[in-house]
Each structure stands twice: as structure tokens, then as C-alpha cells.
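Geometric and topological summary
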Amino acid sequence: MANKPSDSQLLHETDGFDLSLNRPDDKAWIEVIQHMDAIYADLVRSQVELENKNTELEEAHQFIESILSTMHNILVVTDTASRIQRVNLAFEKLTGKTNLELKNQPLKTLFVKSTADSELSHTLIEHIRTGTLTDCEIDIASIQGEKVPMAITCKAHYDHTGKLIGSVLTGRPLGEIRKAYLKLKETHDKLKMAQQQLIQSEKMASLGQLVAGVAHELNNPISFVFGNMYALQRYEKNFRLYLEAVHQNISTEERDKLRVKLKIDYALKDIPSLLEASLEGAERVKNIVQELRRFATPGNNKHVNVDLVSLVKSSIHWISHSANLNAKLITDLPDELIIKTNEGYVHQILINLLQNAIDAVEHIDEAEIIVALRTSSDEVYLSVRDNGPGITPKDILSVFDPFFTTKPVGKGTGLGLSISYGLATEQCHGSLSVENNSDGGAMFTLTLPNV
Ligand SMILES: Nc1ncnc2c1ncn2[C@@H]1O[C@H](COP(=O)(O)OP(=O)(O)OP(=O)(O)O)[C@@H](O)[C@H]1O
Ligand SMILES: [Mg+2]
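Structural notes, computed from the coordinates. Quick caveat: nothing in here was measured; it's all calculated off a predicted structure.

A few points about the sheet that holds strand β9 (residues 367-375)
An order of β7-β9-β10-β12-β11 is seen for the 5 strands of this open sheet, with the pairing classed as mixed. This sheet does not close on itself; its edge strands, each paired only once, are β7 (327-332) and β11 (431-436). For this sheet, the mean inter-axis angle between neighbouring strands, taken without regard to orientation, is 15°. The pairing of strand β10 (residues 379-386) with strand β12 (residues 442-449) spans 7 bridges and is antiparallel. For R385, the partnering residue across the bridge sits in β12 and is M443.

Some remarks on unusual backbone geometry
The backbone of S82 shows a phi angle near 60°, a positive value even though the residue is not glycine. Looking at the secondary structure, you find S82 in the loop between β1 (74-79) and β2 (84-87). Taking relative accessible area as the criterion, S82 reaches 3% and is therefore assigned buried.

Description of the packing of helix α11 (residues 343-360) against helix α12 (residues 416-427)
Two numbers describe how α11 lies on α12: the axes approach to 10 Å, and their chain directions differ by 150°. Classified by the angle between their axes, α11 and α12 sit roughly antiparallel to one another. Where α11 crosses over α12, the two elements pack in a sense that is left-handed. On α12, the residues that touch Y345, Q348, I349, N352, L353 and N356 of α11 are G416, L417, S420, L423, A424 and Q427.

Structural notes on the site of ligand 1
Lining the immediate surroundings of ligand 1 are 19 residues, of which T405, T406, K407, T413 and L417 lie closest. A distance of 2.6 Å is found between an oxygen atom of ligand 1 and a side-chain nitrogen or oxygen belonging to K407. At a separation of 2.8 Å, an oxygen atom of ligand 1 approaches a polar backbone atom of L417. For ligand 1, the protein covers 91% of the area, taking 590 Å² as the surface of the free molecule. Every element with two or more residues in the shell around ligand 1 is listed here: α11, α12 and β12. Here the shell around ligand 1 is built from residues that sort into 8 nonpolar, 8 polar and 3 charged.

Details of the sheet that holds strand β4 (residues 147-158)
Pairing in this open sheet of 5 strands is antiparallel, and the strands run β2-β1-β5-β4-β3 from one edge to the other. Pairing within the sheet leaves two strands with one partner each, and these edge strands are β2 and β3 (134-141). Shown here is a sheet whose adjacent strand axes are inclined to one another by a mean of 30°, direction ignored. As paired elements, β1 and β2 share 3 bridges and run antiparallel to each other. In the strand pairing of β2, V77 is matched with R86. Sitting on the sheet, helix α6 (residues 119-130) is in contact with β1, β3, β4 and β5 (164-173), with an inclination near 125° to β3.

A short note on the packing of aromatic side chains
Summed over all chains, the structure comprises 3 aromatic pairs. On the numbers, 5.1 Å between centres and 45° between planes, the contact of F400 with Y421 is tilted. Here F400, found in the loop between β10 and α12, pairs with Y421, found in helix α12; they are 21 residues apart in sequence, far enough to count as distant. Assessed through its relative accessible area of 36%, Y421 is described here as partly exposed. Considering the side-chain rings of F400 and F444, the 6.3 Å spacing of their centres and the 85° angle between planes classify their relative orientation as edge-to-face. Taken as a pair, F400 in the loop between β10 and α12 and F444 in strand β12 lie far apart in primary sequence, 44 residues in all. A relative accessible area of 8% means that F444 is categorised as buried. An aromatic cluster is built from F400, Y421 and F444, whose rings are joined through pairwise contacts.

Some points on the side chain of T341
Here T341 lies in strand β8 (residues 338-341). Those residues within four positions of T341 in sequence are excluded, and the remaining contacts are K302, H303, V304, V306, V346, C428 and L448.

Some points on the side chain of E92
Looking at the element boundaries, E92 is found in helix α3 (residues 89-95). Lacking a salt bridge, the buried E92 has R86 as its closest oppositely charged neighbour, with an N-O distance of 7.0 Å. In this structure, E92 is in contact with V87, K97, T98 and N99, ignoring residues within four places of it in sequence.

Focus on the environment of R86
One can find R86 in strand β2. A relative accessible area of 26% means that R86 is categorised as partly exposed. The spacing of R86 and T98 is 12 residues in sequence and 9.7 Å in space, taken between C-alpha atoms. Ignoring anything within four residues of it in the chain, the contact list for R86 reads E65, L68, L75, V76, V77 and N99. At 2.7 Å, the side chain of R86 forms a polar contact with the side chain of E65.

What counts and what doesn't
- Residues numbered from 1 in each chain as written.
- Chains lettered and ligands numbered in written order.
- Predicted model: local features only at pLDDT ≥ 70, side-chain atom pairs only at ≥ 80, totals over all residues.
- Heavy atoms only, no water.
- Pairing = 2+ DSSP bridges.
- Helix = DSSP H or I, 4+ residues; strand = E, 2+ residues; numbered from the N terminus.
- Axes fitted to C-alpha atoms, helices over the stretch in contact; angles between N-to-C directions.
- Buried < 20%, exposed > 50% of the residue type's maximum accessible area, 1.4 Å probe, protein only.
- Parallel < 35°, antiparallel > 145°, perpendicular 65-115°, else oblique.
- Left-handed = near helix turned anticlockwise from the far one by under 90°.
- Contact = heavy atoms within 4.5 Å.
- Near = heavy atom within 4 Å.
- Polar contact = N/O pair within 3.5 Å; in protein donor to acceptor, adjacent residues only side chain to side chain.
- Areas by Shrake-Rupley, 256 points an atom, 1.4 Å probe, with all protein chains shown as cover.
- Nonpolar A, V, L, I, M, F, W, Y, C, P; charged D, E, K, R; others polar.
- Phe/Tyr/Trp six-rings, centres within 6.5 Å; stacked < 30°, edge-to-face > 60°.
- Lys, Arg positive; Asp, Glu negative; His and termini not counted.
- Salt bridge = Lys/Arg side-chain N within 4 Å of Asp/Glu carboxyl O.

So far we have only geometry, and geometry alone does not tell us how the molecule works.
Right under this line is the structure:
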């Protein structure tokens, strides 16, 4: 019976190879195989990494492509010599040329002829060469051969080492911007006109409120001018009768009797005061008409020297005939305060503030409205303070909003303060603020430049 070979025999003699580790050749082989194994494993790893990177690159590429093709604005990438390197879909559509056709074409060839030779074109190309930022308007030739004005922004393009490699130009058809601008302008003009109308109608409303006061004021001087005129007419008749009698050579006795009967001496004494009072009445009528002119001149933006003291007095004078006036109107004013401002608008603001104060104290006992004028070196403060209920913390944030009112329907439109605010800030270059007094009531302050 043959003997089973030992393990060491198998190791040394399998298939005729001798794998003994003790032999130097074998050891080298094994090292080579192990080395190859390691290299292979590295290769496999690198391959996987490469594939991952490729996928990422592919995704990034697709992402950029999709963005470029969905961009509404045009995009052109050039080298520093202004040769086109890449364009987006919007640009392809606009010019009717493909990326491939445009590659390495001079950018200039896409401008309409007049633009291509222009100073502007040279400047843009210089900006591209030097990598400096610029915004400009360029006419590009469209696929139909029409000129399309574009608003272009040109920015430098650097590679990963920071070297300037060209420019990225983005642009938007100006037609759209112009259309949008025109629409905006039209809306703005309409708004301005509506605002002007509002100011005017608000003016008419304050004027309406004043009409009662004006009528009352006019009535006084006119009625005593009338009265005086009737008296003068009577005196004139008596003088005529007396003179006729004197010219008929009547006796001195008869003349004296007639003089007493016709009250000639009394009339002579009365005439100067009648004339004086009539002149004063006429003077007052003239002043009233002048006051009304302040309201009659619309949109007069002129800033002229205005004595705020007389303006306050005249406003108070007119408002004091308001139907619902239930307050003592108190003033705290210097003798004179002249500044350059828009008289009509300040008048209008003050009337609004006074009317609001009058409304606020309508049901208050011992109601008081105090109008005060104070100055600092560069500002003037005109305040209207009342002892009404004041304004709640919530409402105080809204009082200057258009159409904000707490008054019943038909009484307030809620426009007085919002228009006054606009007039104070925009027309008079000042401000209008509100606060509640610590002892109750509200105080509005119109601040104007002390110029
Ligand atoms: N002195 C005040 N005291 C208390 N509340 C006031 C005072 N002034 C204004 N307000 C509040 O501010 C609101 C807005 O005032 P605004 O003058 O803008 O409108 P209005 O007086 O209600 O109406 P309009 O002035 O158009 O006739 C008023 O309804 C009122 O609630
Ligand atoms: Mg009001």
C-alpha cells in the first residue's frame, strides 16, 4: 500500500512547481503578485472615483446647460480678444446663429453696422480686453436683420488660476425695459394727477367750510356800509332842501328853523364818522377778498416770505365761525415770525388741524384749543393742541393714512391728515407729527425749515 504524501511534500511538489518560501525566486514572485494586486485595487478605486466625478460633472454640465437655455436674458462669453466662446439659447434665438457657428466669431460682427463702427463698440471691446466692468446700450442685429437695442452688462471672466480669460456679457432687450418704464411713468403720472385732484378737492372742502365764516364776515362790513349809505342819502336830501331854501333868500329866522328841522348840524357832525366807518368796512371787505385769494391760487409752489403769526391769526379768524365751535381758541405767538414757505399750503394744513381739534372737543366742557409757534435755529414749530379725548395708541399709528377716519359716515373722509402730511413733507419740506398730551388731548406739530 502506497504511503500518503506528507503536507511538506505537497507544498514542495504540487504540479511540478516548487512553492517553497525558502527559495529567493519564489519570494520575489509573491511580492510582485501582491504589488500587482495592490495596483489593481488602486485602479479599481480610481475607476470608481472617476466614474463618480464624471457623473457629477455631467450633472453640473446639464444644470448649467438647463439654466443657460432657460435664461430669458442673452448671455455671451468671449475671450479677451472679443471672440465669442459661448452663447446661450436666448442669444441663438435672437441672432438665428448656433453656438457652433458663432464660436470664435468676433463679437463685433453681431452688432448692427452703425454700432459696430461706433465709439461705443470700441469702448466695449476695450473693456473686454482689460477686464473692466461696464454697462452700456448696444444695438444687436436680430435674425430678421432688425436692430434690437440691448442693455448690456459686461463683467470680467477669470480662470481657476485667477487669470483674465475674457468677459461675460449679459443683456436684456431694451424694448421691454422701455415698455415697462413707459407703463410705470404713465401710472406715476396718473397717480400724481389723482393726488393733485385730491389736494384740490380737499382744498375745496376746506374752502367750503370757510364759506360760512366768510359770508358772516362779509355781511358785517357790507351791512354797515349800506346803513351808512342810506344815512348819507338822507343827509344829501336835507342838504339839498336847505340849500334851495337858502338860495331863495329866506329870512335868517326861517333859515335857522329849517336848519334845526333838517338836522343840518347833526348831519355835518355825523358825516365824517359815517365816511370813516364806510371806508373801514370797505377795507375789511378788501382784506377778506385777499384772504380768499390764498385758497383760489391752486398749485402755486412758490416759497415766499410769510408772516406765520398773521397766517395763524387769519386761520383762527376764519375757523372761529365754524358751526360746531365749542372751544376757546387760545394763541401763544411771537409778535412776528417770517419764514420762506408756501403760504397757501401752510394755511390749508393749519385749517385741517384746527378743524380736527374743533371736532375732537365738540362735546367737551371747557374745551380749549391752543395754537403755538416756537422756533429753534433751523426749524419752526407750529402746534395745535386740544383737551379732547386724545388718540388711542392703535389709531395714532394710522391717523396719517389716507381714508383713516373715526368720524361718522358723511362727516369725515379721512383725507385731511394724509393730505396735510403730503403737503408738509413734499411741498413745504417739513414734517407733521402727532402725540398725546400727558394731561389728555392731542397735539399736532407742523415743523417747517426756518429759512
Ligand atoms: N385732534 C384730534 N384728536 C383726536 N383724534 C384726532 C384728532 N385729529 C385727528 N384725529 C383722528 O384722526 C383721524 C383722521 O383725521 P383726518 O383729518 O385725516 O380725517 P377726518 O378728520 O376724519 O376727515 P376729513 O378731515 O377728511 O374730513 C380722525 O378721524 C380722528 O380719529
Ligand atoms: Mg380732518
